[in-house]
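Each chain, letter by letter, is given below.
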Amino acid sequence: MDIAQSTELTKSLIREAAALIRGSRYLTAFTGAGISVESGIPPFRGAGGLWDRYDPRTLEIEFFLRHPEQAWPVIREIFYDNFGKARPNVAHLALARLETAGTLKVLITQNIDNLHHIAGSERLFR
């Protein structure tokens, strides 16, 4: 597939998605870690994810209680350095605009970065 075909396919998919959104009676959005990557928050899993750099057990309460001196640097980097600097990206803002327009009825996310809320989403379930 060349660039022109790829561009036309992308445009076609966007038109199809827009038609589905316009025709929906109760639009619900589901998001996960991928939406916040553009905001500078690495995903936990997958290539380049936080679990490539840290053992996930580091964040377990039992580990923290036994080894706080090892847990705190990880907690600081993940939750303060990464999350603290992040700002909503165009995807977070677009979902908030869809909600404000009355199109998006609810947003369900597994994310704990608070970026949907900062972007303006109010009908949000975490």
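Note: the structure precedes this text.
Presented here is an overview of the structure given in this document. (Residues numbered from 1 in each chain as written. Predicted model: local features only at pLDDT ≥ 70, side-chain atom pairs only at ≥ 80, totals over all residues. Heavy atoms only, no water.)

**A short note on helix α5 (residues 68-85)**
Inclusion rule: Numbering goes from the N terminus for both helices and strands, where a helix is a DSSP run of H or I of at least four residues and a strand is a run of E of at least two. Here, expected helix span is obtained from the residue count minus one, scaled by 1.5 Å. Here the bend at each residue means the angle between axes fitted to two seven-residue stretches, the one ending at that residue and the one beginning there. Burial status follows relative accessibility: with a 1.4 Å probe on protein chains alone, a residue under 20% of its type maximum counts as buried, one over 50% as exposed, and anything between as partly exposed. Contact definition: two residues touch when any of their heavy atoms are within 4.5 Å.
Here α5 is 18 residues long and its end C-alpha atoms lie 24 Å apart, about the 26 Å a rise of 1.5 Å per residue gives. Remark: the principal bend of α5, roughly 30 degrees, maps to R76. For α5, the complete set of buried residues consists of A71, V74, I75, I78, N82 and F83. On its buried face, α5 is in contact with α3 (50-53) and α4 (61-66).

**Observations concerning the nonpolar core**
To be explicit about the condition: We define the nonpolar core as a collection of buried residues of types Ala, Val, Leu, Ile, Met, Phe, Trp, Tyr and Cys that are connected through side-chain atoms lying within 4.5 Å of one another.
Ranked by size, the top nonpolar core spans seven residues in total: L27, A29, I35, L95, L104, L107 and L124. Those elements that provide at least two residues to this core are β1 (27-31) and β2 (104-109). Those residues in contact with L27 that sit more than four places away from it in its chain are I21, T103, L104, K105 and V106.

**So, the side chain of S121**
Here S121 is to be found in the loop between α7 (115-119) and β3 (124-125). The class for S121 is buried, based on a relative accessible area of 1%. If we skip the residues at most four places from it in the chain, S121 touches L95, A96, E99, L107 and H116.

**Observations concerning the sheet that holds β2**
Heads up, the condition is: Paired strands, in this sense, are two strands between which DSSP finds at least two bridges. Only C-alpha atoms enter the line fits that serve as axes; for helices the fit covers just the stretch in contact. Angles between N-to-C directions range over 0 to 180 degrees.
One open sheet holds the three strands; their spatial order is β1-β2-β3, and the pairing between them is parallel. With one partner strand each, in any of the chains shown, β1 and β3 form the two edges of the open sheet. Relative to β3, β2 is paired through two bridges, and the arrangement is parallel. Bridging across to β3, I108 finds its partner in F125. In the packing of helix α6 (residues 90-100) onto the sheet, contacts are made with β1 and β2, and the angle to β2 comes to roughly 145 degrees.

**Brief notes about the side chain of D113**
Definition in use: All tallies of charge rest on Lys and Arg as positive and Asp and Glu as negative; His and the ends of each chain are not included. Criterion for a salt bridge: a side-chain nitrogen of Lys or Arg within 4 Å of a carboxyl oxygen of Asp or Glu. Each polar contact in these results corresponds to two N or O atoms within 3.5 Å; when the atoms are within protein, one needs to be able to donate a hydrogen and the other to accept it, and residues that are neighboring in sequence are counted only if both atoms are side-chain atoms.
Tracing the backbone shows D113 in the loop between β2 and α7. Among buried charged residues, D113 stands out as having no salt bridge; its nearest opposite-charge side chain is R126, 7.2 Å away. Side chain to side chain, D113 and S36 meet in a polar contact 2.5 Å long. Among the polar contacts listed, one links the side chain of D113 to the backbone nitrogen of L115, at a separation of 2.9 Å. Setting aside residues no more than four positions away along its own chain, D113 makes contact with S36, I41 and F83.

**Section: the packing of aromatic side chains**
The cut-off we apply is this: A pair of aromatic rings is counted whenever rings of Phe, Tyr or Trp (Trp by its six-membered ring) have centres within 6.5 Å, and the orientation is called stacked for planes under 30 degrees apart, edge-to-face for over 60 and tilted otherwise.
Summed over all chains, the structure comprises three aromatic pairs. Ring centres of F44 and W51 lie 5.1 Å apart, and the angle between their planes is 55 degrees; this geometry places the pair in the tilted category. Their ring planes at 80 degrees and their centres at 5.5 Å tell us that F64 and W72 sit as a pair that is edge-to-face. Using a relative accessible area of 43% as the deciding quantity, one classes W72 as partly exposed.

**Remarks on the pairing of β2**
Of the strand pairs in this sheet, β1 and β2 are connected by five bridges, and their pairing is parallel. The residue of β2 that forms the bridge with T28 is V106.

Interpretation note: all reported values are geometric properties and have no functional meaning in isolation.
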